[in-house]
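# Architecture at a glance
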Amino acid sequence: MSPHRNGAGWLHLWLLRQPWTEPPGAPLQTGELDESERKRASAFLRPHDRLLYLTAHIALRRILAAYLDTVPGEVRLSRTSCPACGGLHGKPVVVGTSLHYSLSHTSGLALFGVATEPLGVDVEVLPSEETVEMCSPALHPDEQAELARYPRARRQLPFGRLWTRKEAYLKGLGTGLCRDLAADYLGEADDGPAPSAPRGWVVDNIACGSEHVNHIAAAAVVDGVGRPTNARWLPADCLYSAYSAELLGPDFRVGTKS
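Residues numbered from 1 in each chain as written. Predicted model: local features only at pLDDT ≥ 70, side-chain atom pairs only at ≥ 80, totals over all residues. Heavy atoms only, no water.

A separate point is the state of the cysteines. Two cysteines whose sulfur atoms are joined by a covalent bond form what is called a disulfide. One pass over the structure, following the stated rule, counts 0 disulfides. No disulfide involves Cys-135; its nearest neighbouring cysteine sulfur is the one of Cys-178, lying 16 Å away. The buried category is assigned to Cys-135, whose relative accessible area is 16%. Residue class for Cys-178 comes out partly exposed when judged on its relative accessible area of 45%. (Disulfide = S-S within 2.5 Å. Buried < 20%, exposed > 50% of the residue type's maximum accessible area, 1.4 Å probe, protein only.)

As structure tokens, then:
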């Protein structure tokens, strides 16, 4: 995760603990979001779901703004066409730059990836036994065989590790779950801890907190920018305080040129 800008490719991962409730007297900086983000946030029926969405997207804009040496409200986000169906829900892009990013959030935790190459990230809560049973038949046959080596009551963690790797990779491709889950093998290699990723990609699980926290995360990135194994933590107050260009530290700025 070197922050140095020497022309070589790079990948950075950031984690944020999301609040369960919005602290009184510390309003979220929703004015930094664009109209489509505010509209989507207002569509959530449950206040907690709305809070999770808002905090993830405010943090995302502040991260990208810090890299690009601009302000959050000036960051323009869009999506490419999905390579599987042509819909406008493909890879997220920062308009007018060559920066790549990916965002994933679940109850209590958000994961952000920023890189010089296409990437995807995913974070999930430890799945239930019912989820494992329901989703496993859709996986690659070799992945199913690996999970079958575990007793049913112990498959949640290995399934969660596999599922986050698969989702991260599919997000990196830009297809998401439109792509057949059995098309790619992302299981654990028998001869080492690193997953056997599809050719041209590096995919790995990343640490996302102490062992008692039931979150699992992974990142996938085009080969050549390093292995995604570590993430830095963002300060919790970055959601409420006035935006600072020094959020990530001065070494992380890359400017706005494509």
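Here the narrative resumes.
Counting residues in hydrophobic clusters, the biggest one holds 34 residues, and the most contacted among them are Tyr-67 and Phe-112. Counting residues per element, the ones that place at least two in this core are β1 (11–17), α2 (47–68), β4 (100–106) and β5 (109–115). The next biggest cluster of nonpolar side chains, apart from the first, holds 17 residues, and it includes Leu-109, Ile-206, Ala-217 and Val-225. (Core = buried A, V, L, I, M, F, W, Y, C linked by side-chain atoms within 4.5 Å. Helix = DSSP H or I, 4+ residues; strand = E, 2+ residues; numbered from the N terminus.)

Turning our eyes to something else, we now look at the pattern of salt bridges. If the charged atoms of two oppositely charged side chains come close together, the side chains can form a pair. Tallied over the entire structure, the rule returns 11 salt bridges. The closest approach of N and O atoms between Arg-61 and Glu-37, which form a salt bridge, is 2.8 Å. Taken as a pair, Arg-61 in helix α2 and Glu-37 in helix α1 (residues 35–42) lie far apart in primary sequence, 24 residues in all. Accessibility expressed as a relative area gives 1% for Arg-61, which makes it buried. We note a salt bridge from Glu-188 to Arg-161, for which the minimum N-O separation is 2.8 Å. (Salt bridge = Lys/Arg side-chain N within 4 Å of Asp/Glu carboxyl O.)

Let us now look at the packing of aromatic side chains. Within a pair of aromatic rings, the relevant descriptors are the distance that separates the centres and the angle that separates the planes. Taken as a whole and assessed by the stated rule, the structure comprises 4 aromatic pairs. Measuring from centroid to centroid gives 5.5 Å for Phe-44 and Tyr-53, while their planes differ by 40°, and the two rings are tilted. Overall, the relative accessible area of 29% leaves Phe-44 in the partly exposed class. Taking the relative accessible area as the measure of exposure, Tyr-53 reaches 4% and is therefore buried. Arranged with centres 5.4 Å apart and planes meeting at 90°, the rings of Tyr-169 and Trp-201 form a pair that is edge-to-face. (Phe/Tyr/Trp six-rings, centres within 6.5 Å; stacked < 30°, edge-to-face > 60°.)

On to the pairing of β1. Of all 7 residues that make up β1, 6 are buried, and the element is covered over most of its length. Judged from the 7 bridges that link them, β1 and β5 form a sheet pairing that is antiparallel. Note on β5: the bridge partner recorded for Arg-17 is Leu-109. Note that β1 and strand β9 (residues 232–233) share 2 bridges and pair parallel. Bridging across to β9, Trp-14 finds its partner in Arg-232. (Pairing = 2+ DSSP bridges.)

What follows deals with unusual backbone geometry. Here Asp-69, not a glycine, exhibits a phi torsion of approximately 55°, which is positive. Inspection of the secondary structure assignment puts Asp-69 in the loop between α2 and β2 (77–79).

What follows deals with the environment of Gly-174. Tracing the backbone through its elements, the reader meets Gly-174 in the loop between α5 (156–173) and β7 (201–206). Assessed through its relative accessible area of 4%, Gly-174 is described here as buried. Between the C-alpha atoms of Gly-174 and Pro-158, which are 16 residues apart in sequence, the distance is 24 Å. Excluding its chain neighbours within four sequence positions, the residues that come into contact with Gly-174 are Cys-82, Pro-83, His-89, Gly-90 and Lys-91. (Contact = heavy atoms within 4.5 Å.)

Time to look at the side chain of His-140. Mapped onto the elements of the fold, His-140 is located in the loop between α3 (129–135) and α4 (141–148). Leave out the neighbours within four places in its chain, and His-140 touches Leu-181, Ala-182, Asp-184 and Tyr-185.

Limitation: the analysis is restricted to geometry and does not speak to function.
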